[in-house]
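So you can see what is in the structure, the chains are spelled out below.
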Amino acid sequence: MDHPAENEVAVDEATLEDDADDAPEVDIPAKPEIPEVVPVLPVRNVVVYPGTVMPLTVGREKSKRLIDDVLAGSKLVAIFTQRHEDVEDPSIDNVYRVGTAAQVLKLLRSGDGAHTLLVHGIVRLGLEDFVATDPYWKAKVHVHEDREESSTELEALAYSARRVAAEVIELSPNVPEEALQVLHSIDQPAALADFLAANLSLDVVQKQELLETFDVADRLRKINATLQNQLEVLRLAAKIQTDVRSQIDRTQREYYLQEQMKAIQRELGETDSRAAEIEELRARLKQADMPEGVEREAQRELQRLERLAPGSPENGIIRDYLDWLTELPWNKETSERIDLDEAERILDEDHFGLDRVKRHILEHLAVRKLKPDGKSQILCFVGPPGVGKTSIATSISRALGREFARIALGGVRDEADIRGHRRTYIGAYPGRIIQEIRKVGVRNPVILLDELDKLGADFRGDPASALLEVLDPEQNHTFTDHYLGVPFDLSRVLFIATANYMEPVAAALRDRMDVIELSGYTTAEKMEIAKRYLVKRQMDDNGLADKSVKITDDALLAVIEKHTREPGVRTLNRRLGAIARGLAARVARGKKITTAVKETDLAPFLGPPRYEREVASRIAVPGVATGLAYTPVGGEIIFVEATIMPGRGSFALTGQLGDVMRESAHAALSLIRSHAKEFGVDSETLAKSDIHIHVPAGAIPKDGPSAGVAMLTALISLLQNRRVKPTVGMTGEITLRGLVLPIGGVKEKTLAAHRAGLSTVILPKRNGPDLEDVPAEVREKMKFVLVERVEDVLKAALEPLAGSGKAKRAKATARPKAKKARKPAPKRAKRAAGSSRPKPAGRSASGRGAARPTARAARGR
């Protein structure tokens, strides 16, 4: 142990030099040059100041080896005070960064193995880094010189400090008489400040603060303030002793001390609120029922708080930290009830449809019921906006009887939002996970991580990477928030995530979750949702609950088909809200309102229809085909337009197409050129003509390979002067061999075709099983043509050739083989059924006949 010697008195170097007779063996050498790397002696509970001579007790083996080497050499050592006295082998973070260079004047060895040193402080040092820790500590340092400018203020501060210190010495019974002589012998203000700082009754933190005050005037101001406080205490102590001594017998020493403290508090006009506060914290720590390791850390911080001076800035930091530890539910949880029939009833009550999703949820709940101590599976609901992802999470919370918390991740770019800030920062606080758990007050809530795909990343870290531990059942039982610094068990939390699409989510994060996809609603499902939930909610919200207002089925259908075009029901809810507000305005004016809103009544509330089924008019000319695309907000239809003009065989692509989509267009043209004769196309006409393909909605980026069949069909339609059937939509990737390859997002694309009024959808044959997930009512109303080659696509998509002589372009390009296209289209293909496994690939946008995605690029397939 390296401690100050008992009853230490710091002596100024001038006194030792003047009084050679009293200590002939202790010589103060001239001030040496401080090297860049010096041996370091960490000490506990003592601060050494420049210009003072102090005894130190050395007990650590490393310190003994250091002293042996130093005495054999320059006798120069750097003394730094430890932050925590219980650390036996301190690192650079366990010592203060400002210390003192000192010379060893004398070494006394005792029989018990401890060494006593007499050291002389030379100059302040700044600690840069440890360069060695074995066999003892060595560090790279730099010298801190005092900032001292001679002035009248400085002389006044030194005079005041010397005068008050002299009075303190006179009132202090245990200070030797020589101290007053030493005080008057010091002329320099800096030396006076250091001498007084070394001998003041201050704790280590306050003494270290004085050591780190490099401006001499500031140091003297702090010392003057401390001396004034001590002087007041000594004066009061003298008064109290005079008042109490006459009332207390010498045998009642203990009672005397208690009365003395009470008298001091009475004179100061305060009670010991700090002691009461610490006792309150100690009681709260016992009641918090913390794990053993956490409680040990909390008790250590509480002991630090007890040792700190009341004015220390760390008081508030430690108090806030202990408040967080005591308020977290370490072992408090909600008793879980899992009744599958009740859970099914709640899910059906809150949501219409979504049978596959509900079945999946009930299966998870069944597993939890059979194995309550099993690891919680992380669920992730993926689908376009407005399909009920967030509300399903609240329904799960209600079915389990658990507390519910929601964390919006949209726009979060700082890792500290998940893991918290370290306590070294001012204003630090825990991350959102710990905050929400503290708010709900139990350790097993349902926590919704909303908009997982909207997470960002910048120089402050990657929040998605921080979520890897949170969402991993194998690791989250020891989740450590940076602010808490102790593990908190998240294994009891049921995490549910939501996203519009999974492409931006990191692969490692996707691997930790069970992804459940929610596709858009059909028109019939939207009708039921509106009748069961939305209409009633809007009437209640707008003060029409007692008016018995109904909206007829025809009116609801018109709102769905002519005023909205979306996979979810958010826009539908807003349109119904507009109707309800219009009716509320009439009621507020005292006008009569109809109790049954019909289709003919919609115009005053919603204006003219926003969407019309204009697919037929858009592709009424050759060279235009209808494609199907998948976006983050659901399926959409796109129009591919092609035109030809005299030129030199160039090929232009417009509409802000991505690289993959451009390659699909080039593949389509190359396929036509290489099989011009089979397709009935004149090669010479192709060589002497320029072709231009455009995909409308040019402000929105588009990409993906699934528009290949639509581009090929548009080109053949143009070159053969044959129109594409107006009710046919298509999707699929093509190859140079004429094969049609499978794509993703079949369900979403099919629903988009149904919303747009298409009756036939051409799909790759290998996507046949994906049709199982398409709602039965949509499958019954639509025809699905499954194709393997592009020839099958053209047979199903193109109208028969017009009669010869009616179109000049047909004469120029038609070949005998092309006449076969005049035959009637093949018999309607048998409807197929399958399941959807969409995964984003390309970007696409809609035409005027479909609800356009947001201006943000939308990935399609």
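Scoring rules and cut-offs
- Residues numbered from 1 in each chain as written.
- Predicted model: local features only at pLDDT ≥ 70, side-chain atom pairs only at ≥ 80, totals over all residues.
- Heavy atoms only, no water.
- Helix = DSSP H or I, 4+ residues; strand = E, 2+ residues; numbered from the N terminus.
- Buried < 20%, exposed > 50% of the residue type's maximum accessible area, 1.4 Å probe, protein only.
- Contact = heavy atoms within 4.5 Å.
- Areas by Shrake-Rupley, 256 points an atom, 1.4 Å probe, with all protein chains shown as cover.
- Pairing = 2+ DSSP bridges.
- Phe/Tyr/Trp six-rings, centres within 6.5 Å; stacked < 30°, edge-to-face > 60°.
- Lys NZ or Arg CZ within 6 Å of the ring centre and 35° of its normal.
- Core = buried A, V, L, I, M, F, W, Y, C linked by side-chain atoms within 4.5 Å.
- Salt bridge = Lys/Arg side-chain N within 4 Å of Asp/Glu carboxyl O.
- Axes fitted to C-alpha atoms, helices over the stretch in contact; angles between N-to-C directions.

*Asks:* Just to check I follow, could you spell out the overall build of the protein chain for this structure?
*Replies:* From N to C terminus, the protein chain includes 31 helices and 28 strands. For the protein chain, the residues scored as buried account for 51% of the 861 residues in total. A separation threshold of at least 6 residues defines the contact pool for the protein chain, and within that pool the share at least 24 residues apart is 75%. For the protein chain, the exposed surface amounts to about 40,800 Å²; the carbon and sulfur share of it is 49%.

*Asks:* Explain the pairing of strand S6 (residues 98–109) to me, please; I cannot follow it from the model alone.
*Replies:* Of all 12 residues in S6, nine are buried; the element is thus mostly enclosed. Inspection of the sheet shows strand S5 (residues 76–81) paired to S6 by four bridges, in the antiparallel sense. In the sheet register, isoleucine 79 faces S6, and the bridge partner there is threonine 100. Strand direction decides the pairing type here: S6 and strand S7 (residues 115–132), joined by 11 bridges, are antiparallel. Bridge pairing links glutamine 103 to histidine 120 in S7. Linking S6 to S7, which pair antiparallel, is a turn of five residues; within it glycine 113 sits at a positive phi near 95°.

*Asks:* For this particular structure, what's the right way to read the packing of aromatic side chains?
*Replies:* Given two aromatic rings, their pairing is described by the distance between the two centres and the angle made by the two planes. Under the definition given, this model contains three aromatic pairs. Ring centres of tryptophan 324 and tyrosine 483 lie 6.5 Å apart, and the angle between their planes is 70°; on these two criteria the pair is classed as edge-to-face. Of this pair, tryptophan 324 sits in helix H11 (residues 314–327) while tyrosine 483 sits in the loop between strand S12 (479–480) and strand S13 (487–488), and the two are 159 residues apart along the sequence. The exposure classification of tryptophan 324 matches that of tyrosine 483, with both residues buried. When the centroid spacing of 5.1 Å and the interplanar angle of 55° are considered together, the rings of tryptophan 330 and phenylalanine 488 count as tilted. Here tryptophan 330 is found in the loop between H11 and helix H12 (340–350), whereas its partner phenylalanine 488 is found in strand S13, with 158 residues between them in sequence. By relative accessible area, which is 5% here, tryptophan 330 ends up buried. Using a relative accessible area of 2% as the deciding quantity, one classes phenylalanine 488 as buried. Grouping aromatic residues by their ring pairs yields a cluster made of Tyr321, Trp324 and Tyr483. One Lys or Arg, arginine 423, reaches over the ring of tyrosine 321 and ends 3.7 Å from the middle of that ring.

*Asks:* What's the story with the nonpolar core in this structure? I'm lost.
*Replies:* Side chains of a nonpolar character, in soluble globular proteins, are inclined to be buried together. Residues Leu325, Leu449, Phe495 and Met513 are the most contacted members of the largest nonpolar core, which totals 54 residues. Tallying contributions element by element places H11 first for this core, with five residues. Residues in contact with phenylalanine 495, not counting those within four places in the same chain, are Gln377, Ile378, Leu379, Ile433, Ile447, Leu449, Val470, Leu471, Asn476 and Leu490.

*Asks:* I would appreciate a short explanation of the pattern of salt bridges in the present structure.
*Replies:* A side chain with one charge may pair with a side chain of the opposite charge, provided their charged atoms come close. Under the definition given, this model contains 53 salt bridges. Between aspartate 146 and arginine 124 there is a salt bridge, with its nearest N and O atoms 3.2 Å apart. Pair noted here: aspartate 146 is in the loop between strand S8 (137–144) and helix H3 (152–171) and arginine 124 is in strand S7, with a separation of 22 residues, a long-range link. For aspartate 146, a relative accessible area of 29% puts it in the partly exposed group. With its nearest N and O atoms 2.9 Å apart, the salt bridge here joins arginine 219 to aspartate 194. Here arginine 219 is found in helix H7 (residues 216–245), whereas its partner aspartate 194 is found in helix H5 (residues 189–199), with 25 residues between them in sequence.

*Asks:* What am I meant to see in the environment of valine 740 here?
*Replies:* Within the secondary structure layout, valine 740 lies in strand S24 (residues 740–741). The sequence separation of valine 740 and arginine 766 amounts to 26 residues, and the corresponding C-alpha distance is 9.0 Å. Once residues lying within four places of it in the same chain are set aside, the contact partners of valine 740 are Val709, Gly732, Glu733, Pro764, Val787, Glu788, Arg789, Val790 and Val793.

*Asks:* Any chance you could explain the sheet that holds strand S9 (residues 379–382) here in plain terms?
*Replies:* To summarise the sheet geometry, strands pair through backbone hydrogen bonds and adopt either a parallel or an antiparallel arrangement. Taken in spatial order, the five strands line up as S10-S11-S14-S9-S15 in an open sheet, and their pairing is parallel. Of all strands in the sheet, those with a lone pairing partner are strand S10 (404–408) and strand S15 (514–517), marking the two edges. Shown here is a sheet whose adjacent strand axes are inclined to one another by a mean of 20°, direction ignored. Where strand S11 (residues 446–450) and strand S14 (residues 494–499) come together, four bridges link them in parallel fashion. Within S14, the position partnered with isoleucine 447 by the bridge is phenylalanine 495.

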